[in-house]
Amino acid sequence: MNQINTNKNKNNCLGKVYLVGAGPGDPGLMTLKGKAILECADIVIYDALVSPQILAMINPQAEKINAGKRMGRHSLLQEETTNLLIQKAQENAIIVRLKGGDPFIFGRGGEEMEDLVKAGVAVEVVPGVTSGIAAPAYAGIPLTHRHYSSSVTFVTGHEMAGKYRPEVNWNAIAQGSETIVIYMGIHNLTYIIEQLMAGGLSGDTPIALVRWGTRPEQEELIGNLATIVEQRSAVEFAAPAIAVIGNVVNLHALLSGCRP
C-alpha cells in the first residue's frame, strides 16, 4: 500500500483527496487500504448508501459530511460536492470522498476526479467492490458460468439528461451479452424490460432483483421478464436494488442457501 502522507506538502498548499470505494455494504468487503485511509482522515464526505458499519471506521476526530443522493432527495448537488472537496483540500491534509461500491462504476468518481485535477488537487483512487458483482454473489447468482454465460454487461438504468448520447442502446445490449446487470433500474424497470424484449429477449428470460445487496436485510425477487414488473408491484419491491438478467439466475435456487 502506498504510504499515506498525513502532512501537507510544503510546496503545495492543497491537501490530497482520496476517492474511496466503500463496497456494497458488508463491512467485510471494505478494502484494507480504504479502511486505513478512513482511520487517519481529516474530512470524510460520504454517500447515502455507505453502511453505518463502514462509517464507524472513520477517524473519530474527522469531520463527517453527508453528500448522499437518493431519488428526489439530494443532500448536496454534484457541483456543490466538488466545490466542497476543493475547499476542504485547501484546509486539510487528508480528505476522503467515500462512495458506495466502486468510485468508477456508475459512481461519478471520474467526473469528480476530473474537476479536482483541473483545480490542481492531488487525487488517489482506492477501488471498491461494486454491488453489481457482490449482490448477485451473495444471492447465489454467479455472473459467469461455463454452462450458462461467458459474457456480462453492466449498464445503468438511470441516465443523466443531456449526456453524451441520448439513451442506452437496449437493443444492442439484449443481443450482445448472456448476462445483463442493471444498476439503478428499479424506477425505470417497465420501460427497460419493454426495450429488452423488443430487442429480442424472450419473456421467459430469468431476472432477479436484489435489494440491499450484501447487507443483513438483503432480499431477492426472482421471476422472468414477462412477470417481474407485476411481482415487484405486488410486494412493493423498491430501490436500492440491482437487476440481473440471464440464465445464471436459475442457479439462485440451488446456490442461495450458501449466502454469507
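Structure: see above.
As the structure is a computational prediction, the values presented were derived from the model and not from experiment.

Draft legend 1. Structural detail: the overall build of the chain. Scanning the chain from N- to C-terminus turns up nine helices and 12 strands. For the chain, with 260 residues in total, the buried portion stands at 48%. Here the contacts in the chain between residues at least 6 apart in sequence split such that 68% fall between residues at least 24 apart. Accessible area for the chain stands at about 12900 Å²; split by element, carbon and sulfur atoms hold 51% of it.

Draft legend 2. The arrangement of unusual backbone geometry in detail. Residue Pro240 is reached from Ala239 by a cis peptide bond, and omega for that bond is 5 degrees. Even without being a glycine, Thr214 presents a positive backbone phi close to 75 degrees. Looking at the secondary structure, you find Thr214 in the loop between strand S10 (206-211) and strand S11 (219-224). Thr214 sits in the buried class, given a relative accessible area of 6%.

Draft legend 3. Quick peek at the packing of helix H7 (residues 189-198) against helix H8 (residues 228-235). It is the contact of H7 with H8, at a shortest axis distance of 10 Å, that shows an interaxial angle of 165 degrees. Relative to H8, H7 is oriented roughly antiparallel. Classified by chirality, the crossing of H8 by H7 is right-handed. Residues Leu189, Thr190 and Ile193 of H7 lie in contact with H8, whose contacting residues are Ile228, Val229 and Arg232. Here the residues of the contact of H7 with H8 are counted per class, giving four nonpolar, one polar and one charged.

Draft legend 4. Local environment of the sheet that holds strand S6 (residues 94-99). Spatial strand order, S3-S2-S6-S1-S7: five strands in an open sheet with parallel pairing. A single partner strand is all that each edge strand has here, and the edge strands are strand S3 (63-66) and strand S7 (122-126). Strand after strand, the sheet turns through a mean of 20 degrees between neighbouring axes, direction not considered. Where helix H3 (residues 78-89) meets the sheet, it contacts strand S1 (16-21), strand S2 (43-46), S3 and S6, and its direction lies at approximately 155 degrees from that of S6.

Draft legend 5. Representation of the environment of Lys88 in the model. If you trace the backbone, Lys88 turns up in helix H3. We classify Lys88 as buried; its relative accessible area is 10%. In this structure the C-alpha to C-alpha distance between Lys88 and Ile43, which are 45 residues apart in sequence, comes to 7.5 Å. Among residues more than four places away in sequence, those in contact with Lys88 are Ile43, Glu63, Ile65 and Ile95.

Draft legend 6. Focus on the packing of aromatic side chains. The final tally for this structure, using the stated rule, is two aromatic pairs. In this structure an aromatic cluster arises from ring pairing among Phe106, Phe154 and Tyr183. Above the face of the Phe237 ring, Arg211 is positioned so that its terminal group lies 4.3 Å from the ring centre.

Draft legend 7. Main features of helix H5 (residues 131-138). Taken together, the buried positions of H5 are occupied by Gly132, Ala134, Ala135, Pro136 and Tyr138. As for H5, its buried residues are in contact with strand S8 (152-156), strand S9 (179-183), S10 and strand S12 (241-245). Two residues or fewer after H5 comes Gly140, characterised by a positive phi angle close to 75 degrees.

Draft legend 8. Region of the structure containing a negative patch on the surface. Taken together, the side chains of Glu79, Glu80, Glu111, Glu114 and Asp115 define an acidic patch exposed on the protein surface. Those elements that place two or more of their residues in the negative patch are H3 and helix H4 (109-118). Top element by residues in the negative patch is H4. It accounts for three residues. You can see Glu80 is positioned in helix H3.

Draft legend 9. Quick look at the environment of Glu178. Examined against the element boundaries, Glu178 turns out to sit in the loop between helix H6 (170-176) and S9. In the structure, Glu178 is positioned 29 residues away from Ser149 in sequence and 5.3 Å away in space, judged by C-alpha atoms.

Draft legend 10. Structural view of the pattern of salt bridges. Counted under the stated rule, the structure contains nine salt bridges. The closest approach of N and O atoms between Glu63 and Lys88, which form a salt bridge, is 3.2 Å. Remark: Lys88 occurs in helix H3 and Glu63 occurs in strand S3; sequence separation between them is 25 residues.

Cut-offs applied
- Residues numbered from 1 in each chain as written.
- Predicted model: local features only at pLDDT ≥ 70, side-chain atom pairs only at ≥ 80, totals over all residues.
- Heavy atoms only, no water.
- Helix = DSSP H or I, 4+ residues; strand = E, 2+ residues; numbered from the N terminus.
- Buried < 20%, exposed > 50% of the residue type's maximum accessible area, 1.4 Å probe, protein only.
- Contact = heavy atoms within 4.5 Å.
- Areas by Shrake-Rupley, 256 points an atom, 1.4 Å probe, with all protein chains shown as cover.
- Axes fitted to C-alpha atoms, helices over the stretch in contact; angles between N-to-C directions.
- Parallel < 35°, antiparallel > 145°, perpendicular 65-115°, else oblique.
- Left-handed = near helix turned anticlockwise from the far one by under 90°.
- Nonpolar A, V, L, I, M, F, W, Y, C, P; charged D, E, K, R; others polar.
- Pairing = 2+ DSSP bridges.
- Phe/Tyr/Trp six-rings, centres within 6.5 Å; stacked < 30°, edge-to-face > 60°.
- Lys NZ or Arg CZ within 6 Å of the ring centre and 35° of its normal.
- Patch = residues over 30% accessible without salt bridge, like charges linked within 9 Å, V, L, I, M, F, W, Y side chains within 5 Å.
- Salt bridge = Lys/Arg side-chain N within 4 Å of Asp/Glu carboxyl O.
- Lys, Arg positive; Asp, Glu negative; His and termini not counted.
- Charge placed at Lys NZ, Arg CZ, Asp CG, Glu CD.

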